[in-house]
Amino acid sequence: MDIQPTVVDEVVVTAARLPPAAGEAAFSVVRLDGLALDRSTRLDEALASVPAVSLFRRTTSLSANPTTQGISLRAIAPSGAGRTLVTLDGVPLNDPFGGWVLWSQLPTEALESLDIVRGAGAGPYGAGALTGVIQLRERERGGVLDASIAERGGARLAGAGGLDAGPLRLTGSALYETSDGYTPVRGAAAGAADTPLDLTTKAAALRLDAPLGEASLSLRASAYDEERGSGLMGARSSASGHLLSATAAKRPQDGDYGWRLQAWRRESDFANTSVAVAADRNATTPANDQYETPATGWGVNAALRRASRDVAGGRLEWEVGADARFNEGETRERFRFMDGAFTRDRVAGGETSVAGLYGEASWRDELWLVAGGLRLDGWKNENGRRLERDRADGTATLDETDPDRSGEVVSARLAARRFIGGGWAARGAAYSGFRPATLNELHRPFRVGNDLTEANAALVPETLQGVEAGLAYEGPIAAFGATLFWNRIEDAIVNVTIGEGPGTFPRAGFVPAGGVLRQRQNAGTIEATGIELTARRSLPGGLSLDGAVSVTDARMDGGSAAPQLTGLRPAQAPIWSATAGLDWRATERLTLAAQARYESKRFEDDLNSRVLGAAVVVDARAEWRMTPAAMVWVAADNLFDKAVEVSETGTGVEGYAPPRTLRLGVRWTY
């Protein structure tokens, strides 16, 4: 008797996530694949390859203080808190206290791809997705290890990979990076007070994927820790935190339901010391010691999705869901430095929350894709307080309790895409979104050099409305896209100048000569009109070219709250930005690549009085593949050693981005 072998179906364990919604293709979406991520040592650097996508300042997370690592899409009005929601498989990565993103918490090696959805989020995204969403997807298969060294004491080791253990899969990533840094103020203006932006950062993550009947379960834990110099003697910052998440999901099949249940909790801490700078820049005096900023954020979300064919001659997909996020935290500081010691203590903080319901649907046939969504959110700021005491006798010098504030926001989006034929498609979209103020904006005053910025517990959410139209072509060797958009931000949260030093001001205290006093305010509206162009072309001989241009004319209307801002450009918002890239596979082993980025002038301040000049930076890279799995690479960042202005003080002292930096590394993949 013949014995037939038993055939066992292979079980492929995947991360618990829903696939991208079909309706996303109707909006302005840019996808970065593994190759773009592989060539960037930092996630924010990879994102910067898309014009008008940047951190608050012209610096990357190599040198940027955590409080300026907020990211924004389109040059409407960059913000240190960021006006973009960043998610990793659905879990928000924005800091619970400040809204910024610590980019070092996630090495590029840990990701398989990401989508940049430009335009307000609405739909399933909600709070924080004011100018769009960046959706990150963590690696599921394969692995990579990258080790490199760089000028000025730079060294980096990062890797990600996974292994199967029966029905389970374990995926992990780790990063260690250190650098002696560069000094941002250089040349004749520099003094003994100017020091390098040194950096040490560590991060690790572990994810367990397991089958759950027809669904899957993912449990993830991650942690990060970084410490960096701030470019001035006695000024430093540090940031640390960890994130836990649990996700259960079932991917939808045609005619069947898919769903996701997710819960997460994040804890973070931040410390920052600031100093006053002497006029000759040869000495500093301690000004503020923010020694702790403990914050906790947690949230839940749920989604139900279904897709059906043969609905009115096309395919209908819909999703309904709910989500809630809760944040609490406070800043603990020492300030008012006199006679060699801090004389005052400050504790300020509170709680914020937002919860919403949404519905989203799309329908498509061979020619049309129509998508839309509607959200209703409620927000609340509560338990706000600010207490300042004299350190000598404990007397309260300021004791404030902020009234609780709450409200509701309705946001929506609608888009249609028409496939014309021959690879061409046209689309149009309208959308709205909102961003509540962060705990940092509500409660934490801060100082940079001699400039002081006051918090404002009365801030309400800023909202955005926008429309856009686009035309795109996708062919086997070429692609082209053009988008024209109009956006309007109402109740924009802006740092508004309210005084100049030298002088003593209520609450803020003394502002030195050359410094200014600002306050965060809902200062009127910002209107922006812009156009975005992209192009890609593959040529014979293994050569490919790509380019993109963004032109955004954004203008303030300060209204009665800040009439001095009317007609001015928002701080840190350039009109022009452009990128161009070249990739040439010269031989089977050798690949050469170059990337150029241009940006027109931008303003350091709300009054447009401090001008940061236009800049062009070129990066180059060469890769030599030793084996199918291993290669060695060399890169030159800022190849032509351009002096790129990133900051300017009230006395005209300029700070600069990194000079030319050479890097050498090896990479192994499997």
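As the structure is a computational prediction, the values presented were derived from the model and not from experiment.

## Description of the overall build of the protein chain
Consideration 1: When helices and strands are tallied, the protein chain shows three helices and 41 strands.
Consideration 2: Relative to the globule expectation of 26 Å for 670 residues, the C-alpha radius of gyration of the protein chain, 25 Å, shows essentially globular dimensions.
Consideration 3: Its C-alpha atoms put the protein chain at 95 × 55 × 50 Å along the principal axes.
Consideration 4: When the 670 residues of the protein chain are sorted by exposure, 54% land in the buried category.
Consideration 5: By sequence separation, contacts in the protein chain at least 24 residues apart represent 65% of the contacts at least 6 residues apart.
Consideration 6: Carbon and sulfur atoms provide 60% of the accessible area of the protein chain, an area that totals close to 27,200 Å².

## Looking at the confidence of the model for the protein chain
Consideration 1: In this model, the protein chain carries a mean pLDDT of 92, and residues with pLDDT of at least 70 account for 98%.
Consideration 2: Of the regions scoring below 50 in pLDDT, residues 1–9 engages in zero contacts with residues more than four places distant in sequence or in other chains.

## Observations regarding the environment of T552
Consideration 1: Checked against the element boundaries, T552 lands in strand 32 (residues 543–557).
Consideration 2: With residues up to four places along the chain from it excluded, the contact list for T552 reads A75, I76, F485, A528, T529, G530, R569, P574 and I575.

## So, the pattern of salt bridges
Consideration 1: In the structure shown here, the tally under the stated rule is 60 salt bridges.
Consideration 2: With a shortest N-O distance of 2.6 Å, R385 and E330 are connected by a salt bridge. Linking R385 in strand 19 (residues 368–390) with E330 in strand 17 (residues 314–338), this pair joins segments that are 55 residues apart in sequence.
Consideration 3: Look at R385 and you get partly exposed, because its relative accessible area is 31%.
Consideration 4: With a relative accessible area of 14%, E330 lands in the buried category.
Consideration 5: In the salt-bridge network here, residues are joined through shared partners; they are D38, E109, D146, R156 and R667.

## With respect to the sheet that holds strand 30 (residues 516–522)
Consideration 1: Spatially, the four strands line up as an open sheet ordered 23-24-30-27, and their pairing is mixed. Of all strands in the sheet, those with a lone pairing partner are strand 23 (446–448) and strand 27 (493–500), marking the two edges. Sheet twist, expressed as the average angle between the axes of neighbouring strands with direction ignored, equals 25°.
Consideration 2: Where strand 27 lies against strand 30, seven bridges are found, and the strand directions are antiparallel. Its bridge partner lying in strand 30, N495 is registered against R520.

## Describing the packing of aromatic side chains
Consideration 1: Taken as a whole and judged by the stated rule, the model has seven aromatic pairs.
Consideration 2: For the pair F337 and F342, a centre-to-centre distance of 5.2 Å together with 75° between the ring planes defines the contact as edge-to-face.
Consideration 3: On the basis of an interplanar angle of 55° and a centroid distance of 6.4 Å, the ring pair of W424 and F480 is categorised as tilted. One end of the pair, W424, is in strand 22 (residues 424–435); the other, F480, is in strand 26 (residues 478–490), with 56 residues separating them in the sequence.
Consideration 4: Of the residues examined, W424 reaches a relative accessible area of 33% and is grouped as partly exposed.
Consideration 5: By relative accessible area, which is 34% here, F480 ends up partly exposed.
Consideration 6: A cation over a ring is seen here: R334 above Y291, with NZ or CZ 4.3 Å from the ring centre.
Consideration 7: Positioned above the aromatic ring of F335, the side-chain terminus of R346 is 4.0 Å from the ring centre.

## Some points on empty space enclosed by the protein
Consideration 1: For the structure shown, the criterion picks out ten cavities of 30 Å³ or more.
Consideration 2: Computed from the structure, the largest cavity encloses a volume of approximately 410 Å³.
Consideration 3: Taken together, 28 residues line the largest cavity, and the ones lying closest to its centre are N94, D95, R325, N327 and T438.
Consideration 4: Looking at side-chain class alone, the lining of the largest cavity contains twelve nonpolar, eleven polar and five charged residues.
Consideration 5: As a volume, the second largest cavity reaches approximately 130 Å³.
Consideration 6: Lining the second largest cavity are 14 residues; nearest its centre among them are L88, D89, R220, S245 and T247.
Consideration 7: Mapped by element, the contributors of at least two residues to the lining of the second largest cavity are strand 12 (215–229) and strand 13 (236–250).

## Thoughts on the environment of T453
Consideration 1: Assignment of secondary structure puts T453 in strand 24 (residues 451–454).
Consideration 2: Taking relative accessible area as the criterion, T453 reaches 4% and is therefore assigned buried.
Consideration 3: The spatial distance from the C-alpha of T453 to the C-alpha of I134 is 29 Å, given a sequence separation of 319 residues.
Consideration 4: Apart from residues lying up to four places away in sequence, T453 is in contact with P445, F446, N495, R518 and R520.

## Notes on the environment of N608
Consideration 1: Structurally, N608 is set in the loop between strand 35 (602–603) and strand 36 (611–612).
Consideration 2: Overall, the relative accessible area of 14% leaves N608 in the buried class.
Consideration 3: Residues N608 and A235 lie 373 residues apart in sequence; the distance between their C-alpha atoms is 27 Å.
Consideration 4: N608 has contacts with L568, R569 and F603, leaving out every residue within four places of it along the chain.

## Structural notes on the sheet that holds strand 1 (residues 28–32)
Sheet strands pair by backbone hydrogen bonding; their relative direction is either parallel or antiparallel.
Consideration 1: With respect to topology, five strands assemble into an open sheet ordered 1-6-7-4-5, the strand pairing being mixed. The open sheet has two edge strands, strand 1 and strand 5 (91–92), and neither has a second partner.
Consideration 2: Alignment of strand 6 (residues 111–118) against strand 7 (residues 132–138), held across seven bridges, turns out to be antiparallel. Bridging from a neighbouring strand, R118 pairs with G132 of strand 7.

## Remarks on the side chain of R266
Consideration 1: As for its position among the elements, R266 is in strand 14 (residues 257–277).
Consideration 2: Among buried charged residues, R266 stands out as having no salt bridge; its nearest opposite-charge side chain is D95, 5.6 Å away.
Consideration 3: A polar atom in the side chain of R266 sits 3.4 Å from the side chain of Q105.

## Quick look at the nonpolar core
Consideration 1: In terms of nonpolar packing, the biggest core is built from 28 residues, with L47, L114, I134 and L136 touching the most fellow members.
Consideration 2: Sorting the residues of this core by element identifies strand 1, helix 2 (43–47), strand 2 (53–55), strand 3 (71–73), strand 4 (85–88), strand 6 and strand 7 as the ones contributing at least two each.
Consideration 3: Ignoring anything within four residues of it in the chain, the contact list for I134 reads L47, I71, L73, T84, L85, V86, T87, L114, D115 and I116.
Consideration 4: A120, Y431, L464 and M556 belong to the second largest nonpolar core, which has 24 residues in total.

## Remarks on the pairing of strand 7
Consideration 1: Of all seven residues making up strand 7, seven are buried, and the element is well covered by its neighbours.
Consideration 2: Of the two faces of strand 7, the one carrying G132, I134, L136 and E138 and the one carrying V133, Q135 and R137 are both buried.
Consideration 3: Where strand 4 lies against strand 7, four bridges are found, and the strand directions are parallel. Residue pairing in the sheet places L85 in a bridge with V133 of strand 7.

How each quantity is defined
- Residues numbered from 1 in each chain as written.
- Predicted model: local features only at pLDDT ≥ 70, side-chain atom pairs only at ≥ 80, totals over all residues.
- Heavy atoms only, no water.
- Helix = DSSP H or I, 4+ residues; strand = E, 2+ residues; numbered from the N terminus.
- Rg over C-alpha atoms; globule rule 2.2 N^0.38 Å.
- Buried < 20%, exposed > 50% of the residue type's maximum accessible area, 1.4 Å probe, protein only.
- Contact = heavy atoms within 4.5 Å.
- Areas by Shrake-Rupley, 256 points an atom, 1.4 Å probe, with all protein chains shown as cover.
- pLDDT = per-residue confidence, 0-100.
- Salt bridge = Lys/Arg side-chain N within 4 Å of Asp/Glu carboxyl O.
- Pairing = 2+ DSSP bridges.
- Axes fitted to C-alpha atoms, helices over the stretch in contact; angles between N-to-C directions.
- Phe/Tyr/Trp six-rings, centres within 6.5 Å; stacked < 30°, edge-to-face > 60°.
- Lys NZ or Arg CZ within 6 Å of the ring centre and 35° of its normal.
- 1 Å grid on protein atoms, 1.4 Å probe; cavity = no way out; pocket = protein on both sides within 12 Å on 5 of 7 lines; lining within 4 Å.
- Points joined across faces, edges and corners; volume = space filled by probe spheres on them.
- Nonpolar A, V, L, I, M, F, W, Y, C, P; charged D, E, K, R; others polar.
- Lys, Arg positive; Asp, Glu negative; His and termini not counted.
- Polar contact = N/O pair within 3.5 Å; in protein donor to acceptor, adjacent residues only side chain to side chain.
- Core = buried A, V, L, I, M, F, W, Y, C linked by side-chain atoms within 4.5 Å.

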